[in-house]
Structure formats: structure tokens, C-alpha cells
Amino acid sequence: MSALVDIRLRKFPPLIDYARVLQNLFNGIRFLSTNSHPRFDLRKLRPMILKRIEEREKDYPIKGMLPVANEVLAARKTLYGGVSTLIAHIPTWACKHCPEVYVGDGGHLIRSCSGYRLHYKNKLHTWIQADINNVLIPVEAFHLQKMFQKVIEHKDRFNYDRTPAVVELCLQAGADSSDPLQVENSSDQPSELTEDELRTVAKETLQAWETLRSGVRKLLLVHPAKVCKYCSEVHVGPSGHKARTCGVFKHEKWRGKHFWEKAKVDDLVPPNMVWSRRRQDPAILVEEGRNYYGHAPVVVDLCSKADAVVPSKYSCMMKLDGISKP
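S.K.: Give me the lowdown on the overall build of the protein, citing residues and values where you can.
M.R.: If you tally the helices and strands in the protein, you get 10 helices and 12 strands. A separation threshold of at least 6 residues defines the contact pool for the protein, and within that pool the share at least 24 residues apart is 68%. For the protein, the accessible surface area stands at approximately 20,900 Å², while carbon and sulfur atoms represent 54% of it.

S.K.: Outline the packing of aromatic side chains, supporting the account with residue identities and numerical values.
M.R.: Counted under the stated rule, the structure contains 4 aromatic pairs. For the pair Trp275 and Tyr293, a centre-to-centre distance of 6.4 Å together with 90° between the ring planes defines the contact as edge-to-face. Pair noted here: Trp275 is in strand S11 (residues 273–276) and Tyr293 is in the loop between S11 and strand S12 (294–297), with a separation of 18 residues, a long-range link. The exposure classification of Trp275 matches that of Tyr293, with both residues buried. Directly above the aromatic system of Phe142 lies the positively charged group of Arg162, at a separation of 4.6 Å from the ring centroid.

S.K.: I'd love a proper account of the sheet that holds strand S9 (residues 234–236), names of residues and values included.
M.R.: Strand order across the open sheet formed by 3 strands is S9-S8-S10, with antiparallel pairing between neighbours. Two strands in the sheet have a free side with no partner beyond their single neighbour: S9 and strand S10 (260–262). When the angles between neighbouring strand axes are averaged without regard to direction, this sheet yields 30°. Direction of pairing for strand S8 (residues 225–228) relative to S9: antiparallel, over a ladder of 3 bridges. Within S9, the residue paired with Ala225 across the bridge is Val236.

S.K.: So what's going on with the layout of surface pockets? Residues and values would help.
M.R.: Taken as a whole, the largest pocket holds about 440 Å³ of empty space. The wall of the largest pocket is formed by 18 residues, among which Arg277, Arg278, Arg279, Ser304 and Leu320 lie closest to the centre. Among the elements of the structure, helix H9 (298–305) and helix H10 (315–318) are those that each provide at least two residues to the lining of the largest pocket. The dominant element in the lining of the largest pocket, judged by the number of residues it contributes, is H9, at 3 residues.

S.K.: Explain the pairing of strand S3 (residues 92–95) to me, using residue names and the numbers behind them.
M.R.: Taken together, the 3 bridges between S3 and strand S4 (residues 101–103) define a ladder with antiparallel strand orientation. In the strand pairing of S4, Trp93 is matched with Tyr102. Here S3 pairs with strand S5 (residues 127–129) via 3 bridges, running antiparallel. Paired with Trp93 across the two strands is Gln129, which belongs to S5.

Criteria and cut-off values
- Residues numbered from 1 in each chain as written.
- Predicted model: local features only at pLDDT ≥ 70, side-chain atom pairs only at ≥ 80, totals over all residues.
- Heavy atoms only, no water.
- Helix = DSSP H or I, 4+ residues; strand = E, 2+ residues; numbered from the N terminus.
- Contact = heavy atoms within 4.5 Å.
- Areas by Shrake-Rupley, 256 points an atom, 1.4 Å probe, with all protein chains shown as cover.
- Phe/Tyr/Trp six-rings, centres within 6.5 Å; stacked < 30°, edge-to-face > 60°.
- Buried < 20%, exposed > 50% of the residue type's maximum accessible area, 1.4 Å probe, protein only.
- Lys NZ or Arg CZ within 6 Å of the ring centre and 35° of its normal.
- Pairing = 2+ DSSP bridges.
- Axes fitted to C-alpha atoms, helices over the stretch in contact; angles between N-to-C directions.
- 1 Å grid on protein atoms, 1.4 Å probe; cavity = no way out; pocket = protein on both sides within 12 Å on 5 of 7 lines; lining within 4 Å.
- Points joined across faces, edges and corners; volume = space filled by probe spheres on them.

The following block contains the structure:
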């Protein structure tokens with residue numbers, strides 16, 4: 001009989017008073033550990049936990065990531081200089097009404113223009129001369145004096161400077177902040193280059209692009225960064241800011257709050273994919289062959305037009321050996 005009762009108790013355990021358990025937990029009453037015998041008082045643990053949270057900034061910056069941060073800053077400077085030189089020698093176009101970019105003579109005739117603020121779709125592009133901001137999309141974030149500081153409120157948003165997100169990530173990683181790094185505003189006009197010199201610039205630029213993305217990926221494994229789920233706003237720090245600048249919902253207009261999630265490399269360094277013209281393609285890409293043309297990040301496509309060797313990982317998306325159109 002006792003064995004039968006034991007089996008029933010195992011199959012149908014007695015009800016637990018969850019309300020009492022939660023009440024004890026919320027009130028900070030003693031709480032059993034995995035050892036059953038020792039007991040912990042949450043009220044005594046609270047000061048220790050709060051102190052640990054306040055002192056967490058002592059763990060940053062991590063000395064082992066300092067060389068990576070300096071390498072990223074150097075690669076970024078080389079990248080901006082190389083792209084400025086390449087777009088001055090290779091025809092590069094940007095659409096007047098949408099973010100589309102194309103590297104080649106005369107633009108393309110693919111109907112992929114969505115217009116300003118997506119007012120229409122499947123229209124022909126209106127091409128103008130591209131500048132460096134069309135190729136390397138600027139991504140900015142609030143500059144913080146300390147990583148773990150007070151959350152930026154909406155009313156205080158104009159009290160903080162806006163810095164390129166990659167630079168802000170490197171500064172929080174311990175990179176030297178004495179260099180202003182205003183490479184994107186350089187007004188130096190590149191001189192005429194020979195084909196060999198242009199190929200060398202393209203090779204260095206492509207190497208800087210790979211180094212930049214690889215370094216940012218390593219830094220994001222250690223240093224926190226956030227991106228809004230519904231817009232392109234980026235915040236480098238353990239938590240997002242409270243500036244209401246999202247505007248994803250119509251009823252919120254421009255005063256919407258951001259919905260933060262973990263940032264990735266593409267959020268800080270957008271690849272900016274473009275149509276890539278291959279040797280077997282016609283001189284002007286047309287709408288009928290859009291399913292057969294390849295894509296590539298604009299920096300990779302720009303460097304390939306200067307005869308730089310493209311890494312094999314881009315071969316699939318560029319469809320180098322694919323047919324042009326039936």
C-alpha cells in the first residue's frame with residue numbers, strides 16, 4: 001500500500017503555493033540554494049550587486065582590444081582616402097531620388113528606383129555624380145565621455161556630439177582620441193594616376209575594407225553596441241538612448257522611441273550592395289537581365305573595376321561565371 005501511495009505522489013505531486021513563494025521572493029526573504037542547507041538573504045546581497053554594477057566600468061577598456069581598435073582606425077583612414085581617389089578616376093553614379101549607387105559608364109536601366117521616402121517603385125533612376133557619402137554610408141552615434149554613464153534623455157540629445165559609429169566604438173575600446181579623424185571631410189584632390197598606381201590604390205582600399213569589417217566584428221564581441229529594430233539609428237554603449245527620433249509608426253511621427261537590439265557589423269559598416277557588371281554583360285545593364293546580374297558591396301565592385309583581385313567569398317553573389325541573360 002505504501003508503495004502505491006509513493007507512486008501516486010510521484011505521478012501527481014502536491015500543489016505548490018506559488019503565491020507564497022513569489023511573495024517571499026519579492027520581499028527579500030531568505031531563499032534556498034542548491035545545497036538546501038545554506039540560505040541567502042537578498043537584502044544583504046543587494047548592496048553587493050549594486051556595487052558590482054557601479055564598478056563594472058573598471059573592466060573597460062580591455063587592453064587586449066586596443067591594437068584592434070587602432071588597426072580599425074588606421075584601416076578606416078586608408079579606406080576613405082582610397083575611395084576618394086577611385087571615384088575620381090572611375091565613373092561612379094548615385095540616384096537623385098533613392099540611395100542606389102552604380103559603378104560603371106552611364107548608369108544602368110534597371111527599374112529599381114523607389115523614390116524619395118518610398119513614394120513609388122519600379123522606376124528608372126536619375127543618375128548624378130556620386131560622392132564619398134554615397135559610397136560609404138555615414139553612420140553616426142552619440143559620443144559618450146564614459147561607456148557606463150547616465151542614459152541620454154530626449155531633452156538632452158543636443159548636449160552630445162555626433163561621432164561616426166566606428167570611431168566611437170574604437171574610442172570606447174581605448175583608442176587615442178587626440179586625432180580628430182575627420183578623413184571624410186578631406187578636400188585634397190587626387191592627382192592623375194597611372195593604371196599600375198590605380199591598381200595599387202584599389203588593392204590597398206580593398207584590404208582596408210576587409211580589415212575594417214573584421215576589426216569591427218571583433219570589437220562588437222567585447223564592447224556593446226545597439227541598433228534600432230525599425231530604423232538605422234546606432235548607439236555604442238551598454239544600453240540605448242531615450243531620444244525619441246525613430247518615427248517608424250505614423251501616429252508617433254518623429255517622436256517615436258527606438259526599439260533597441262544588438263548591433264551587427266552591417267549596422268556600423270553598411271555593405272551598400274550594388275549591381276555589378278561583369279565582362280559578359282552588356283555595356284548598359286537592362287531590366288530584362290536583372291535576374292542574371294550579380295551584386296557586390298560597392299567598395300568591392302569599385303576596387304574590382306580598378307583590376308584588384310576580389311576575395312573568393314564574393315564570387316557567389318557577383319555571379320562571375322553566370323550567364324548574362326537567355
